[in-house]
Each structure stands twice: as C-alpha cells, then as structure tokens.
Amino acid sequence: MIEARMDELIKIINQASYEYYVLDNPTITDQEYDDYYMELLALEKKYPELKREDSPTNRVGGNALDKFEKVTHEKPMLSFDDIFNEEEIISFDERIRKVIPNPVYTLEPKMDGLSGSLIYEKGVLVRAATRGDGVTGENITLNVKTIKTVPLRLTKDIDIEVRGEIYMSKDSFEKANLEREALGEAPFANPRNAAAGSVRQLDSKITAKRKLDFMAYFIPNPEDYGLKTQSESLLFLKELGFLTNDKLNTTASSISEMIKKINNIHEKRKSLPFAIDGVVIKVDNLKDEEKLGYTTRVPRWGIAYKFPAEEVLTTLKEIKFTVGRTGKITPNALFSPVHVDGSLVSKATLHNEDYCLEKDIRVGDIIVVRKAGDVIPEVARVKFERRTKELPPFKMITNCPMCNTLLVKKDANYFCPNDHCPARHIENLIHYVSRDAMNIEGFGDNIVEDFYNMGYIKTPADFYHLDKYKDELMNLEGFGERSIIKLLASIENSKKNSLERLLFALGIRHVGAKTAKILARNYKNIDNLMQATYEELSNINDIGDIIAKSVTNYFHDKNNLNLINKLKDNKINMEYINNNYHESEEFAGKTFVLTGTLLNTTREEATTIIENLGGKVSGSVSSKTSAVIVGENPGSKYTKALSLNIPIWNEEAFLQKVNNE
Ligand code: IVH
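Just so it is clear, the model here is predicted, and its values are computed rather than measured.

Undergrad: Go over the pairing of strand 15 (residues 366-372) with me, naming the residues and quoting the values.
TA: The buried fraction of strand 15 amounts to five of the seven residues, a majority that puts the element mostly inside the structure. As defined by bridge partners, strand 12 (residues 312-323) adjoins strand 15 across four bridges and the pair is classed as antiparallel. If you follow Thr 314 over to strand 15, its bridge partner there is Ile 367. Alignment of strand 15 against strand 16 (residues 376-382), held across six bridges, turns out to be antiparallel. When the bridges of strand 16 are listed, Ile 367 appears paired with Val 382.

Below, the structure written as structure tokens:
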C-alpha cells in the first residue's frame, strides 16, 4: 500500500520535473509539485527501507565524500580532433569520401562543458563518471543526481550507457558569479570552469545549488538497441527522457550544405541559452563509422570544428604594473569591460617590457581582445588605423610601484629587490587566507589588497581584528551586511584549524601543504616545532636539508616570533588535530619501525595509519620496539629486529591488522 503510493509519487514527480526542466513545459503547479514532494519525503523518512535509488529526493545531494572513487570506462571516452577553418572541414570531407562515397553527416553544436558518462541498469541511474583521462574517470554519481535534466529513471527499463555534456547555462553562470562576487569570492572565468568546478564538489549539496544541466549526445553501444544512425541515437536519447539539442542538431549530405549549416549554428551562438564553442561533425551511418574506425587516439568518423576565437574591440584605459611574490614586475592592460566568448573581461597580462614594445601598445589605443587557449584573455593587437591622435609610447617603469625601490633587470623581466616591499606582504596575506592554508572564505585577492591599502590588515594577526571595522566595511562598495557576517564567521572558524594549515599559511619557505602536515604530525604543536633543532628535523622522513634549515631559520626571526605570539593572543589553535584518530588494541601505545619498500602504501601513509590507530613510529629498533614492518629490500633494521627477537610483520600482515580495526 505504502510502497505503491511511494512508487506513484516518484512517477508523478519525475514526470513533472521532466516536463518542467527538459521540455520546458510544466503541467502541474509549483504548489502541487511541492505537496507531492513533501508527501514522498515524509514517507521516506518514516520508511527509510523503502527509499528508492531513483527517488527525486536524491536530487538535493547526500553526505559529503572524502574523495572521489576512480572508475574505469567500459569503452574509453575519446574526444575528436579539433579543426579551425573551412579548408580543414573540406579536407575532412575529402578524407571521408575516400572510404564512404556518399556520406551523410550529423552536425551538433559543440557544448562547452565537460563530458560525462551515465550508466543505467534496468532504467535506473546507478553510476555517473567524469571523463578523466578517457580510460579512468571519477565517480560523481551523487553530484550528477542533483542535475535536474538527468533522468533518474528512463522511460524504458533497459541497461544502457549514455554520454553527454555537463554544462551550466549562461543564466545560471551569471547568477552564480553575482553570488560569488557578493561573497567576495573570485568569479568563475567561464561557464565551462563553473560546470567543472561544481561537478567536482565533494559535497553534493553544493553541486545541487549550482544548477547544472546535461545534454545527451552519444550511446557507446548503439547496436544493442537496434540503432542504425547517430540521428536515430539522438532520437532514442530523447525518447528515453534526456535533453538533446533537437532544435539545433541537423544533418548534411554535401560540403556546401555542411558549411552553410555550420555557419547557421555559428550565427545562433550568441542567442543560445548555453555556451557552445563549435560544431561536432559525425558520420551519421553507424556502419560507415565502423568502416572508418579509429586512429590510435581518436575516431576517424568525426571531428570537432571550433569557432574562431571571438575578437572584441575595446579601449585601453591604463597599464598597471603589479609586483608578484618574488618581486617580479608585470605590466597589465586595464580596458573597458567587454564580453569575450561568454565571459566579461577587463584586464589582461602584458607580460613584460618587450611584449609591450613589440605590440607598440599605448594607453588610449583601441585594442583587439580575445581568449588565448580559450580561457585567459589576451591583447591580440592594436588597431593602429584607429589611433587618430598622437599617444605617448609605452615606457617601462624604473621604480617599484609599491615601495619605489629601484628595479633590477634579470633577462626580460624587472624585479623589485626589496624583501620588505608591501606587495610581497599582500601576496603573503593572500596566501594566508587561501583554500589550502587557513581557508578563510570570502577573501578574493582584490579584497585582501584593498583591505591592506586601507590599513585594516598589515599582518595575518590583523584578520582577527577585522570586526572592529565592521561598520566601515559595510559601507564599502560590494559589501552587504550578509557578506560581512559571513566573512567574520569564516575568520572565526579558521581559528579552530589544525596546526598544519597554520604552518602552511605562515609561508615558511619550502614548506608546502604536504610538508606542513608532516611537521604537524611529528611535533603535535607549534611550541614543540619551534624548539626542534636542525638535526632533529632533518632526521624525519621526507624532510630534507633545505626544509630543515628553512624551518629553523624561520623560528629564529624576531618578526616571525612576534607574529606567532600575536596569533596566540588571538586564540588561533596551534595544536595538531587528528580527526581520523581512533585507538586500536593492536596498535595503541606500541612502537613500530618501518624498513624496506612497501608496495601498497608509502611510508608516509603507513606512518599516518599507525599514528591514527594510537601507535608510534620510531626510526630505530630497540628492545622497546613492538614490531618491525618489513617491505621489500629491508635494511639493517630487519637484521637487528631478528637478533632482538622482535616480531616481524610483512606488508600483508600489517595491512590485515589495520583492516581488522
Ligand atoms: S561526441 C568520440 N558530441 O566535445 C567523441 N562531443 O571532441 C564523442 N562535445 O570531449 C563525443 N558537444 O566533451 C560529442 N554533440 C557533441 C558534443 C561533444 C560537446 C565535447 C565532448 C568531447 C569534445 C569533442
């Protein structure tokens, strides 16, 4: 009875969502939809054992993952070779005609997202994966279930793999970016990056908020369903409940028809609700495809024609020089904002003096802007015919724009030699808040720079006093109360970070995120680490000479000690917090020694595992050693263990004991 009602509700809701999202033609009101949804949710809560895989309630996202599981594609997920102009289209057609006398082609807009593979069993979505390297991808099932245009159940109870593009519509992209800017986060560069970033979220609840879509375009095993052409595959996909590009997909049987239709799609590009970057050309007949086959890399039966990079005119307003972490000076073009290939751009790097002189670029010029390599904006050239009046030629600066120190030239670049240049402080502050460091959300690079220039933050300790300026901050352009509250909450939250984040955030030379973790795990708190000698440090696995020296130097510098004391005053956690710790009988309170090469784990990982189970790892064997874990080609520690009668575990025995926990 209850099960039947749940089945019915799932059917109604999935159908309603198909009509709304795929067909863009709703048949029930929002209120009705909500009522059915709430009824289903209540039943699933009461009878969790009856909850179905294809339930629409799965679309809100599930528990966050630690990492994505790797999956191997049954058939590799290939892509086509790219071509860029009409001649190349013509020679592709000629190549095909050598094998297939009268080919028919399908022409499909080349969606600008990332490809995904969906596997259905008996009509129910059971797995979704990214393309990855084509052979292995990542399991993103939970995330893909949140995509409204992905059917959770097909109209037929068949087993099938479907491939297509996961993408973000232009509308959702603009909205997502407005939101990000309001929160002080860096905007996505384009819809493709937005889609890729969203679908690779470990927390599917975040993906659910990002409003992605899925356009189906390929069935790897079409013969299993009696399909004879790609056009039939596309119709079949539509029949199964997928969104297909049915208004734009078309066919052509001559080169002139093909070029005309490709131009047609190109003309529509701007007015489409999603980003496309070309036209995919496929031989329609699947038997013909088989005849044409594959090269070692790509199918011979298709090709991807990419539209020429869009070139947009704008006015160069300013050349701004910036100073990087190493002191390197870069000229940047600041121009009136323009839309280029789907994203709004207003600046581009001009690399160095030679580049500017070569292009003879001058403030006030009309310049041609385009995307290099699809993502990064560049100034293609100057429109000299539009330079109607005399403009002052480009001149490299001689002094640092931040501290006025005389610049020094090394090869093609100029550097500020001042170690205390404020630009470097800004870079350090940006690093301090960054994701792998203290992970303080809401600080884009510009905000850190503005706050620095306004005098709110000079050192990392000042982040923790920003609440003093709450009223002033709220008056800044682009900041509302909501974003300030979020920012302050994120700062407060960062105080609880485990020690390794702080160690990385401090910007100690040669201490990356991984080294920071090793140091944190070994020393447990910052006071222990501050007292560590060079010898002690360099004895730790994976800590070499250079790091050991750099760490001891860092903690001998008065300014650094001062900073750490200030951070302590602000109650920043300086202890190592291990969330994976759970003691086990086999390991807790015991000391282990590792020797030889382990095949399935690195030493680093094995040490973490042992410590997480309550054990200790020591570098030398003594009568106090509980067991020696021996890999391939063990050294003298092994013989010593034998002579002292210490238990020996091989890798398998070790992993077995670990897995028994
Ligand atoms: S067919 C064997 N059809 O563009 C190739 N791909 O090189 C199977 N793409 O990586 C893919 N729209 O991510 C195909 N209508 C479409 C497409 C499309 C976009 C992407 C896909 C692939 C690349 C083609």
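Undergrad: Hey, could you go over the side chain of Asp 365 for me, with residue numbers and the actual values?
TA: Structurally, the position occupied by Asp 365 is in the loop between helix 11 (353-359) and strand 15. There is a polar contact of 2.9 Å between the side chain of Asp 365 and the backbone nitrogen of Arg 362. A polar side-chain atom of Asp 365 sits 2.8 Å from a polar atom in the side chain of Arg 387. Ignoring any residue separated from it by four or fewer positions in sequence, one finds Asp 365 in contact with Thr 314, Thr 315, Leu 316, Asp 360, Val 382, Arg 387 and Leu 391.

Undergrad: Requested: an account of the packing of helix 3 (residues 86-99) against helix 9 (residues 255-268), with residues and values cited.
TA: The interhelical angle for the contact between helix 3 and helix 9, taken along N-to-C directions, is 140°, at an axis separation of 11 Å. When the axes of helix 3 and helix 9 are compared, the pair comes out oblique. Between helix 3 and helix 9 lies a crossing whose hand is right-handed. Touching Glu 86, Ile 89, Ile 90, Asp 93 and Arg 97 of helix 3 are Ile 255, Met 258, Ile 259 and Ile 262, all from helix 9.

Undergrad: Give me the sheet that holds strand 4 (residues 114-121): which residues, what numbers.
TA: Pairing is antiparallel across the open sheet formed by four strands, whose spatial order is 5-4-7-8. Looking at the sheet topology across the chains shown, the edges are occupied by strand 5 (124-130) and strand 8 (212-218). Going from strand to strand, the sheet's axes swing by 35° on average, the running direction of each strand aside. Where strand 4 and strand 5 come together, six bridges link them in antiparallel fashion. Counted as the bridge partner of Ile 119 is Arg 127 from strand 5. Strands in contact with helix 6 (residues 191-199) are strand 4, strand 7 (160-168) and strand 8; relative to strand 7, the strand with the most contacts, it is inclined by about 120°.

Undergrad: If you had to explain the site of the ligand to someone new, which residues and values would you point to?
TA: For the ligand, the set of nearby residues contains 13 residues, the closest of which are Phe 80, Glu 108, Met 111, Glu 165 and Lys 282. Note that a nitrogen atom of the ligand is positioned 3.0 Å from one of the backbone N or O atoms of Met 111. In isolation the ligand has 510 Å² of accessible area, and contact with the protein removes 91% of it. Here the element with the most residues in the shell around the ligand is strand 3 (residues 105-111); it accounts for four residues.

How each quantity is defined
- Residues numbered from 1 in each chain as written.
- Predicted model: local features only at pLDDT ≥ 70, side-chain atom pairs only at ≥ 80, totals over all residues.
- Heavy atoms only, no water.
- Buried < 20%, exposed > 50% of the residue type's maximum accessible area, 1.4 Å probe, protein only.
- Helix = DSSP H or I, 4+ residues; strand = E, 2+ residues; numbered from the N terminus.
- Pairing = 2+ DSSP bridges.
- Polar contact = N/O pair within 3.5 Å; in protein donor to acceptor, adjacent residues only side chain to side chain.
- Contact = heavy atoms within 4.5 Å.
- Axes fitted to C-alpha atoms, helices over the stretch in contact; angles between N-to-C directions.
- Parallel < 35°, antiparallel > 145°, perpendicular 65-115°, else oblique.
- Left-handed = near helix turned anticlockwise from the far one by under 90°.
- Near = heavy atom within 4 Å.
- Areas by Shrake-Rupley, 256 points an atom, 1.4 Å probe, with all protein chains shown as cover.

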